Number of protein chains: 2
Amino acid sequence: MASKELQVLEDYIVQNKLKITKQRRAVLNAFLECEKHVSAEELYNQVTLTDPKVGLATVYRTLALLTQSGLAADLDFGDGQKRYEHTYMHSHHDHMICTECGKIIEFNHPLIEKFQEEVASRNGFTITSHKLDMFGLCSECR
Amino acid sequence: MASKELQVLEDYIVQNKLKITKQRRAVLNAFLECEKHVSAEELYNQVTLTDPKVGLATVYRTLALLTQSGLAADLDFGDGQKRYEHTYMHSHHDHMICTECGKIIEFNHPLIEKFQEEVASRNGFTITSHKLDMFGLCSECR
DNA sequence: GTTGCTGCAAAGTGTTTGCACCCTG
DNA sequence: CAGGGTGCAAACACTTTGCAGCAAC
């Protein structure tokens, strides 16, 4: 089955005169199967389950491609490695990160967004992206 | 002159049976003179202007000390290196980061904080810290 | 067949650590 | 004078890059 995401990636690839390869498909598929916030290493482990010969460098290179084509976005929760999340057909959200168990709760609050815009325009600032991370303890770790 | 910050650092050092050294004083002083969001490297360059023999490792180690004693906090603007900001006698604030010129505007919006608390408690989440970074263009770069 | 892609290993980047010597308390 | 602190260099963790062969168009 050709997912919508594969379509997006191939469109991007064709438009930029790049090439569609099975490694790129494999990384994309693994990414789509992965849970929300994967690191490059985790994705690499996932990919090599089905395609053992794919290299870590290719995973990094393909993640860059996914980011450029709008399918993924990189996050930094301050643990020393970038994490990637799905962005295609996913609306913006922020994160609560449990510092005990690592659980991540996603949320979105329209009023927070609204006040962000307000404070930005008051400073003549044009927002292109933002991120709000709240660190603490989830209900189970409290 | 013995700044309040020096007092805080020395208190922390004494309480933890550590030792006050001229390197630690030098790093603290350089940190206090620095603008808001310094990287370890920048601070190292600053320190070595007056104390050429201080090593980069000592700067890192002292920054850890400053963080533990509550004088500094580390930030991550996603540029691949940690930055440190003053926290002593500074209230919490968030950041607008101009992706063009690197300018950082600090702000605080009580209502944003309030809604953060609200959304957290609704999820049974206890916030210990949070950060909100907005990326975009400042008034001069627009 | 041209040009981009891959895997590998090597190089980079920012940060941490091991160690012998030094200095504070 | 004991035990932590320092500078140096090596080690680290994660990511990027150079290159020769390979595959897509």
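Description of the structure in this document. (Residues numbered from 1 in each chain as written. Chains lettered and ligands numbered in written order. Predicted model: local features only at pLDDT ≥ 70, side-chain atom pairs only at ≥ 80, totals over all residues. Heavy atoms only, no water.)

Every one of the 20 residues lining DNA strand C counts as a neighbour, but A:Lys19, A:Arg24, A:Lys53, A:Thr58 and B:Tyr60 are closest to it. Counting only atoms of DNA strand C within 4 Å of the protein, the fraction found in sugar and phosphate groups is 75%. Within the backbone of A:Lys53, an N or O atom sits 2.7 Å from a phosphate oxygen of DNA strand C. With respect to DNA strand C, the backbone of A:Gly55 contributes an N or O atom lying 3.0 Å from a phosphate oxygen. Among the secondary structure elements, those contributing two or more residues to the surface near DNA strand C are helix H2 (22-33) and helix H4 (56-68) of chain A together with helix H4 (56-68) of chain B. Taken together, the residues that form the surface near DNA strand C break down as six nonpolar, six polar and eight charged. (Near = heavy atom within 4 Å. Polar contact = N/O pair within 3.5 Å; in protein donor to acceptor, adjacent residues only side chain to side chain. Helix = DSSP H or I, 4+ residues; strand = E, 2+ residues; numbered from the N terminus. Nonpolar A, V, L, I, M, F, W, Y, C, P; charged D, E, K, R; others polar.)

Our focus in this paragraph is the sheet that holds strand S3 (residues 83-86) of chain A. All names here are of chain A. Overall, antiparallel pairing links the three strands, which are arranged S1-S3-S2 in an open sheet. Bordering the open sheet on either side are strand S1 (38-39) and strand S2 (72-75), each of which pairs with just one other strand. Those strands touched by H2 are S1, S2 and S3, and its axis lies near 80 degrees from that of S3. (Pairing = 2+ DSSP bridges. Contact = heavy atoms within 4.5 Å. Axes fitted to C-alpha atoms, helices over the stretch in contact; angles between N-to-C directions.)

We now examine helix H1 (residues 4-15) of chain A. Residue and element names in this part refer to chain A. Across its 12 residues, H1 extends 16 Å between first and last C-alpha, which sits within 8% of the 16 Å expected from 1.5 Å per residue. Every buried residue of H1 is listed here: Leu6, Val8, Leu9, Glu10, Tyr12 and Ile13. Along its buried surface, H1 packs onto H2 and H4. Of the residues trailing H1, lysine 17 is marked for its positive phi of about 55 degrees. (Expected span 1.5 Å × (residues − 1). Buried < 20%, exposed > 50% of the residue type's maximum accessible area, 1.4 Å probe, protein only.)

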